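Commentary on secondary and tertiary structure
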Amino acid sequence: MKKLHLFLSALALMAFVACGDDENDYQIGGKKGTETPVQPDDRQAAGPEIAKYNLEFPALKGGNSVVIVHSGILNDKLNKSGVNYSVEWDTNINAQRWSCYQMYADIIASKTPSNNVSRYSADNDGSLSPECQYPNDLDIPSQYQLTIDPYKYSGYDHGHICPSADRQRAEEANYQTFYITNMQPQVGKLFNQGIWENMENQLRTWTALFDTMFVCKGGTIDKAEHIIEYVCQKSHQATRINNNHVPVPKYFFMAVLGKKGTSFKATGFWIAQDQNSYSTDLKSYAVTIQALQSKTGIDFFCNLPDDIETEVENVSQAKMESEWTWYK
C-alpha cells in the first residue's frame, strides 16, 4: 500500500504558506477549486503547495515546530487517496499544537456499517512500537520521538485530535489517527468520553450540510497559565522529564469552516477541561473565529481569499449561532 508523507521544518514551510494573500484556488475534498485537481500521486511533487492552498491549515507558529502531513488511502472501497491530516509538533514542548484535516462524506464514518472499517485496536503496552495501540509517528525524526508512552498510568486518556471516527473508511487512514502525535492528554469520562465526544459528533452531523468542512483542533500548550500539569509514564510530574513529558492543556479548541457551493461559514469551540460538569448545550461553548484567534493566538483559515476570511471571521456571536444547526 503506497503511503505518501510530507515532513518539512516550520522554517521551510513559512516561506510557502500563503496566509492572507488573495489566491482564489483552494483545496476541497482533495481537489483544487479553480485549477487542475492535484492527484494523489502528485502530492510529493506538490510539496509545500499542500500547506499553501489547503484551507484547514492555520498560520504556523514556527520556531521549534515541525509540520507533518500524513497522506494515504482514505476510502478502501473507492480506492480514494489523499491528505489524511496534518500536525504541527513543537519539538521543545514535546506536544502537538493542532491537527488539521478535511471532512466530507466519503471519508468519515458512514451510517451504513458495512461501509466502515474496524477501529484500529492493539495492545496498549506503552512501547510506542508500530504494532501497539498508540505508535510513534515515524515521520518525526528519531531525536524528537517519545521513548515511552507518557499517557499510560497517568490517569489521562489518549485524546484523539483527528478522531478515529472521522477516518473510518480506510484501514490506513484510521491507523494513522492513533499516532502519538495526534494525541493530547484528556480527562476521561467527563471530557474525552463526554463533552469532547459530543462536539465531535456535532461536527460529523454538520458534515452532511456541506460539500467539505475544514477543521483545526488542539489544546493549549504555549502559556503556563493554559497548562494544568505535565505527565510522564507512571506518574504526574510538575516539571519536564527527559523526552517523555507532555503538557496537559487546560483548554481545547475547534475551528470549523464549512463550504457549500461558493459560500462559506465558520464557527469555533473553546472549552476548559478542568471542570466538574458540562452543559449539554454546545452553543454555550461556541465562539466566533475572531474570538478563538484571540484566545489561542492562532490565525485560522488564513489561506482563504482575504474578503471571505474577513467575512467568516467577523460575524457577530448571535449571527454565527443562528447560521449553524445545533443538536443537543
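Residues numbered from 1 in each chain as written. Predicted model: local features only at pLDDT ≥ 70, side-chain atom pairs only at ≥ 80, totals over all residues. Heavy atoms only, no water.

Time to look at the overall build of the protein chain. A tally of helices and strands in the protein chain yields eight helices and 15 strands. For the protein chain, with 328 residues in total, the buried portion stands at 59%. In the protein chain, once contacts between residues fewer than 6 apart in sequence are set aside, the share between residues at least 24 apart is 70%. Carbon together with sulfur atoms contributes 47% to the accessible area of the protein chain, which is approximately 13400 Å² in total. (Helix = DSSP H or I, 4+ residues; strand = E, 2+ residues; numbered from the N terminus. Buried < 20%, exposed > 50% of the residue type's maximum accessible area, 1.4 Å probe, protein only. Contact = heavy atoms within 4.5 Å. Areas by Shrake-Rupley, 256 points an atom, 1.4 Å probe, with all protein chains shown as cover.)

With 53 residues, the main nonpolar core has Ile195, Met199, Leu203, Trp206, Phe269 and Ile271 as its most contacted residues. Counting residues per element, this core draws most heavily on helix α5 (residues 188–207), which supplies six residues. Those residues in contact with Ile195 that sit more than four places away from it in its chain are Leu190, Ile271, Tyr278, Ser279, Leu282 and Tyr285. Formed by 27 residues, the second largest nonpolar core is a distinct cluster that contains Leu55, Val83, Ala266 and Leu304. (Core = buried A, V, L, I, M, F, W, Y, C linked by side-chain atoms within 4.5 Å.)

For residues with low pLDDT, the predicted coordinates do not support detailed interpretation. Looking at the protein chain as a whole, its pLDDT mean stands at 84, while 80% of the residues score no less than 70. When pLDDT is averaged over each helix and strand of the protein chain, the minimum, 32, is found for helix α2 (residues 43–46) and the maximum, 98, for strand β9 (residues 212–219). Considering only residues more than four positions removed or in separate chains, one finds that residues 1–18, a stretch of pLDDT under 50, has 55 contacts. (pLDDT = per-residue confidence, 0-100.)

The element strand β4 (residues 65–75) is largely enclosed, with a buried count of 11 among its 11 residues. Looking at chain direction, β4 and strand β5 (residues 80–90) are connected through 10 bridges and run antiparallel. From the neighbouring strand, Gly72 faces β5, where its bridge partner is Gly82. Hairpin remark: β4 followed by β5, antiparallel, with four residues in the connecting loop; positive phi at Asn79, about 50 degrees. (Pairing = 2+ DSSP bridges.)

As enumerated under the stated definition, the model contains 18 aromatic pairs in all. Between Phe57 and Trp98, the ring centres sit 6.0 Å apart and the planes meet at 85 degrees, which makes this aromatic pair edge-to-face. Of the two residues, Phe57 is situated in the loop between α3 (49–53) and β4 and Trp98 in strand β6 (residues 95–103); the sequence distance between them amounts to 41 residues. For the pair formed by Phe57 and Trp98, the shared burial category is buried. Aromatic side chains Phe191 and Phe252 sit 5.3 Å apart centroid to centroid with 40 degrees between the ring planes, which places their arrangement in the tilted category. With Phe191 in helix α5 and Phe252 in strand β13 (residues 251–260), this pair connects stretches of sequence that are 61 residues apart. Here the two residues Phe191 and Phe252 agree in accessibility, since each one is buried. Grouped by ring-pair contacts, the aromatic residues Tyr120, Tyr134, Tyr175, Phe178 and Tyr179 constitute a single cluster. We note Lys152 situated over the ring of Tyr153; from NZ or CZ to the ring centre the distance is 5.0 Å. Over the ring of Trp324 we find Lys265; its NZ or CZ atom is 5.2 Å from the centre of that ring. (Phe/Tyr/Trp six-rings, centres within 6.5 Å; stacked < 30°, edge-to-face > 60°. Lys NZ or Arg CZ within 6 Å of the ring centre and 35° of its normal.)

Located in the positive-phi region is Leu128, a residue other than glycine, with phi close to 65 degrees. One can find Leu128 in the loop between β6 and β7 (157–160). Judged by its relative accessible area of 5%, Leu128 falls in the buried class. Phi is positive for Tyr153, close to 70 degrees, though the residue is something other than glycine. We classify Tyr153 as exposed; its relative accessible area is 57%.

All buried positions along helix α6 (residues 289–296) are accounted for by Ile289, Leu292, Gln293 and Thr296. Seen end-on, α6 carries its buried residues on one side only, within an arc spanning 100 degrees. The elements touched by buried residues of α6 are β13, β14 (263–272), β15 (286–287) and α7 (306–313). At the C-terminal side of α6, Gly297 shows a positive phi close to 75 degrees. (Arc of directions from axis to C-beta.)

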